[in-house]
Amino acid sequence: MMTTELEQLRTEIDEISLKILDLLNERGTLVQQIGKLKETQGVKRFDPIRERKLLDLIAEHNDGPFETSTIHHIFKKIFQASLELQEDDNRKALLVSRKKKPEDTIVNVKGERIGDGQTHFVAGPCAVESYEQVRQVAQAISQQGLTLLRGGAYKPRTSPYDFQGLGFEGLQILRKAADEFNLAVVSEILNPNDLETALDYVDVIQIGARNMQNFDLLKAAGQVRKPILLKRGLSATIEEFMYAAEYILAQGNSEIILCERGIRTYEKATRNTLDISAVPILKKETHLPVMVDVTHSTGRKDLLLPCAKAAIAIGADGVMAEVHPDPAVALSDSAQQMNIPEFNEFMSALKKSAALAF
Ligand code: PEP
Ligand code: MN
């Protein structure tokens with residue numbers, strides 16, 4: 001007798017739970033519709049006044065046995081989940097997302113197809129200092145069979161008293177040295193006003209970590225027809241990094257290479273902390289090619305090779321490293337740049353390491 005009553009009540013509980021489930025999902029569907037409307041109208045998703053009204057309405061109608069505070073607690077969870085549902089939809093709809101475009105984006109730089117499944121290398125000095133300095137590195141790169149030469153003409157230095165780069169002259173030097181060895185130039189632009197001039201000298205425009213959230217620069221980079229190498233901000237989350245790329249893509253430029261370059265953490269053994277898992281996350285969430293800058297992420301020459309191997313093993317489309325003919329006298333990042341024999345060793349070790357094709 002007792003058992004059948006218990007069973008009966010449990011059956012009723014199951015039925016009510018399923019009804020609650022249906023109602024919750026019905027509510028979720030409405031929330032998604034509201035999210036879409038808000039998006040087209042440019043209205044903010046979070047609406048505290050509306051939430052307050054709903055909580056008051058619930059309090060008015062609550063006849064127990066649950067306390068109103070308990071019911072409020074449950075509904076606040078529902079509100080939170082609803083907001084997350086809208087945000088998920090928003091993320092799925094991003095132009096950079098793999099859900100939007102399932103196939104890999106391949107960025108073609110002078111025949112080098114970054115994102116094609118092979119490993120690509122960007123190498124060169126931190127800053128352009130002289131023609132002879134860049135030419136020596138360009139020659140070494142070319143001898144290794146590589147085609148992407150980097151070098152900073154405009155340097156985003158933490159201190160205003162540090163070497164700020166040669167500016168336009170630096171771009172001219174890069175172009176000249178690159179042309180001599182038939183290389184492509186990757187160089188950072190800091191100011192949207194310099195973009196147009198840079199187009200004549202640079203094959204890939206780099207947006208540096210310090211400028212990942214320089215929204216005017218991102219928008220301007222979205223309007224040019226040149227590949228953009230976007231570096232992850234010093235303290236940027238993966239989500240913020242993706243939104244930064246979205247700024248560029250939303251303006252019509254889909255040739256974007258993402259570059260993980262380490263993030264700021266409490267760890268002091270390395271200059272930054274290489275967030276290696278960001279690579280497969282970005283590969284999964286976006287359709288864009290992903291590179292790893294082993295120089296700025298570690299700031300240590302002894303870690304360049306193991307980190308480059310890790311980057312390749314985990315699925316990076318490319319590796320960036322700094323090379324200087326005489327790092328001891330370099331005007332920036334002198335401790336972390338490889339000299340040319342070190343670079344040659346680095347490349348031979350990588351070429352030897354398992355199943356590496358490039
Ligand atoms: C660079 O690559 O020259 C550079 C300044 O790196 P980051 O923006 O990642 O610090
Ligand atoms: Mn540097």
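Up top is the structure these notes are about.
Residues numbered from 1 in each chain as written. Chains lettered and ligands numbered in written order. Predicted model: local features only at pLDDT ≥ 70, side-chain atom pairs only at ≥ 80, totals over all residues. Heavy atoms only, no water.

Draft legend 1. Geometry of the overall build of the protein. Across its full length, the protein carries 12 helices and 10 strands. Over its C-alpha trace the protein gives a radius of gyration of 26 Å, far above what one expects of a compact globule, namely 21 Å for 358 residues. C-alpha atoms of the protein, sized along the principal axes, occupy 95 × 45 × 35 Å. Out of the 358 residues in the protein, the part that is buried amounts to 46%. (Helix = DSSP H or I, 4+ residues; strand = E, 2+ residues; numbered from the N terminus. Rg over C-alpha atoms; globule rule 2.2 N^0.38 Å. Buried < 20%, exposed > 50% of the residue type's maximum accessible area, 1.4 Å probe, protein only.)

Draft legend 2. Quick look at the nonpolar core. Formed by 69 residues in total, the largest nonpolar core has its most connected members in Leu149, Leu230, Leu258, Val294, Phe343 and Phe346. For this core, the element with the most residues is helix α8 (residues 238–250), which contributes 7 residues. When sequence neighbours within four positions are dropped, the list of residues in contact with Phe343 reads Ala123, Ala140, Ile141, Gln144, Leu146, Val323 and Met338. Of all hydrophobic cores here, the second largest spans 13 residues; its members include Val107, Ile257, Met291 and Met320. (Core = buried A, V, L, I, M, F, W, Y, C linked by side-chain atoms within 4.5 Å. Contact = heavy atoms within 4.5 Å.)

Draft legend 3. Seen up close, the site of ligand 1. In the vicinity of ligand 1, the contacting residues are Arg150, Lys155, Glu188, Gln206, Gly208, Ala209, Arg210, Lys231, Arg261 and His296. Here an oxygen atom of ligand 1 sits 2.7 Å away from a polar atom, N or O, in the side chain of Arg150. At 2.6 Å from an oxygen atom of ligand 1 is found a side-chain nitrogen or oxygen belonging to Arg261. Computed on the free molecule, ligand 1 has an accessible area of 300 Å², of which 97% lies beneath the protein chains in the complex. Class assignment of the residues belonging to the shell around ligand 1 gives a composition of 1 nonpolar, 3 polar and 6 charged. (Near = heavy atom within 4 Å. Polar contact = N/O pair within 3.5 Å; in protein donor to acceptor, adjacent residues only side chain to side chain. Areas by Shrake-Rupley, 256 points an atom, 1.4 Å probe, with all protein chains shown as cover. Nonpolar A, V, L, I, M, F, W, Y, C, P; charged D, E, K, R; others polar.)

Draft legend 4. Up close: the coordination of the manganese ion (ligand 2). Bound to the manganese ion (ligand 2) are the protein donor atoms Cys126 (SG), His296 (NE2), Glu322 (OE) and Asp333 (OD), situated 2.0 to 2.4 Å from the metal. Each donor residue of the manganese ion (ligand 2) lies on the same chain, and together they follow the pattern C-x169-H-x25-E-x10-D. Of the two residues, His296 sits in helix α10 (residues 294–298) while Asp333 sits in the loop between β10 (318–322) and α12 (340–352), which places them 37 residues apart along the sequence. Judged by relative accessible area, His296 falls into the buried class, the value being 8%. (Donors = N, O, S within 2.8 Å, 3.2 Å for Na, K, Ca; no water.)

Draft legend 5. Just the pairing of strand β6 (residues 204–207), in detail. With burial as the criterion, each face of β6 is covered, one bearing Val204 and Gln206 and the other bearing Ile205 and Ile207. Taken together, β6, helix α7 (residues 215–223) and strand β7 (residues 228–231) form a β-α-β motif whose crossover is right-handed. (Right-handed = clockwise from strand over helix to strand, strands pointing away.)

Draft legend 6. Representation of the side chain of Gln336 within the structure. Relative to the assigned elements, Gln336 resides in the loop between β10 and α12. A relative accessible area of 4% means that Gln336 is categorised as buried. At 3.5 Å, the side chain of Gln336 forms a polar contact with the side chain of Glu322. Discounting residues that sit within four places of it in the chain, Gln336 has contacts with Arg271, Thr295, His296, Gly299, Arg300, Lys301, Leu304 and Glu322.

Draft legend 7. Molecular detail of the state of the cysteines. Inspection of the entire model under this criterion finds 0 disulfides. Its sulfur unpaired, Cys307 is 13 Å from the next cysteine sulfur, which belongs to Cys259. (Disulfide = S-S within 2.5 Å.)

Draft legend 8. Layout of the pattern of salt bridges. What the rule picks out here adds up to 15 salt bridges. A salt bridge links Asp104 to Arg98; the nearest nitrogen and oxygen atoms lie 2.6 Å apart. Judged by relative accessible area, which is 18%, Arg98 ranks as buried. One salt bridge connects Arg232 with Asp275, and the closest N-O pair in it is separated by 2.8 Å. Residue Arg232 is located in the loop between β7 and α8, and its partner Asp275 is located in the loop between β8 (256–260) and α9 (278–285); the two are separated by 43 residues in the primary sequence. Of the two residues, Arg232 and Asp275, neither departs from the other in class, the shared state being buried. One salt-bridge network, in which partners are shared between bridges, spans Glu132, Arg135 and Glu180. (Salt bridge = Lys/Arg side-chain N within 4 Å of Asp/Glu carboxyl O.)

Draft legend 9. The arrangement of the layout of surface pockets in detail. Within this model, the largest pocket holds a volume of roughly 360 Å³. For the largest pocket, the lining is made up of 15 residues, of which Arg27, Val31, Ile34, Lys38 and Arg50 are closest to its centre. When residues of the lining of the largest pocket are traced back to their parent elements, those giving at least two are α1 (2–41), α2 (48–61) and α3 (68–92). Sorting elements by how many residues they give to the lining of the largest pocket places α1 first, with 5 residues. (1 Å grid on protein atoms, 1.4 Å probe; cavity = no way out; pocket = protein on both sides within 12 Å on 5 of 7 lines; lining within 4 Å. Points joined across faces, edges and corners; volume = space filled by probe spheres on them.)

Draft legend 10. View of the sheet that holds β8. Spatially, β3-β4-β5-β6-β7-β8-β9-β10 is the arrangement adopted by the 8 strands of the closed barrel, whose pairing is parallel. When the angles between neighbouring strand axes are averaged without regard to direction, this sheet yields 25°. Bridge analysis of strand β9 (residues 290–293) against β10 gives 3 bridges, and the strand direction is parallel. Counted as the bridge partner of Val292 is Val319 from β10. Of the strands in this sheet, β3 (120–124) and β4 (148–150) touch helix α4 (residues 131–143), which is tilted by about 150° from β4. (Pairing = 2+ DSSP bridges. Axes fitted to C-alpha atoms, helices over the stretch in contact; angles between N-to-C directions.)

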